[in-house]
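Observations on the model geometry
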Amino acid sequence: MEGSVKAESLVIKEGSHWRGEVTGIDDNGDISTNFLVQDIKPFIVASTLWIEFENAPFSVRGLAVSRQTAEPGQLIAVSGIDGHIQIVINQGNAAQKTKLKVGDPIDLFFRT
């Protein structure tokens, strides 16, 4: 991954609320997080995944199969090639839209 990258950090898990952070932004503006998809899959079977950003007025609901399943310009979460959740935009730049930076906190919720 080109662009900004941060060393892996811990996810804080408190019940249905997990706190992680932005760990990287590639040249396309895709935002990498420290949430592993394999860790959240058991929880999203019975609940809806909500991702919120402390420093941005945007949120994401659910985990998309791919960016192509979203409308152009839609902010979504997908599984990155490294198994971590990525925040991306179909035909767009998620980092520019959200203004998120490496190290910014991300809140993940499992809601029923």
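The structure presented is a predicted model; accordingly, all values stated were derived computationally and were not measured. (Residues numbered from 1 in each chain as written. Predicted model: local features only at pLDDT ≥ 70, side-chain atom pairs only at ≥ 80, totals over all residues. Heavy atoms only, no water.)

On to the pattern of salt bridges, then. This structure, assessed with the given rule, holds 6 salt bridges. The residue Asp 107 makes a salt bridge to Arg 19 at a minimum N-O spacing of 2.8 Å. A residue pair is termed long-range when its members are at least 10 positions apart, and Asp 107 in strand E9 (residues 105-111) and Arg 19 in strand E3 (residues 17-25) qualify at 88 residues. If you follow the salt bridges from partner to partner, you end up with Arg 19, Glu 54 and Asp 107 in one network. (Salt bridge = Lys/Arg side-chain N within 4 Å of Asp/Glu carboxyl O. Helix = DSSP H or I, 4+ residues; strand = E, 2+ residues; numbered from the N terminus.)

Once that is clear, we can look at the packing of aromatic side chains. In this description, a pair of aromatic rings is defined by centroid distance and the angle of the planes. One pass over the full model with this rule turns up 3 aromatic pairs. Judged by centre distance (5.4 Å) and plane angle (80 degrees), the rings of Trp 18 and Phe 43 are edge-to-face. One end of the pair, Trp 18, is in strand E3; the other, Phe 43, is in helix H1 (residues 37-44), with 25 residues separating them in the sequence. Note on Phe 43: relative accessible area 40%, which makes it partly exposed. An angle of 80 degrees between the planes, with centres 5.0 Å apart, marks the rings of Trp 18 and Phe 110 as edge-to-face. (Phe/Tyr/Trp six-rings, centres within 6.5 Å; stacked < 30°, edge-to-face > 60°. Buried < 20%, exposed > 50% of the residue type's maximum accessible area, 1.4 Å probe, protein only.)

Right, let's get into the pairing of strand E7 (residues 75-79). With respect to burial, E7 is a largely interior element, 4 of its 5 residues being buried. The pairing of E7 with strand E8 (residues 84-89) spans 5 bridges and is classified as antiparallel. Bridging from a neighbouring strand, Leu 75 pairs with Ile 89 of E8. (Pairing = 2+ DSSP bridges.)

Another aspect to go through is unusual backbone geometry. Unlike most non-glycine residues, Gln 91 shows phi in positive territory, near 65 degrees. Position of Gln 91 relative to the elements: it lies in the loop between E8 and helix H2 (94-98). Positive phi outside glycine occurs at Lys 99, with the angle close to 65 degrees. You can see Lys 99 is positioned in the loop between H2 and E9.

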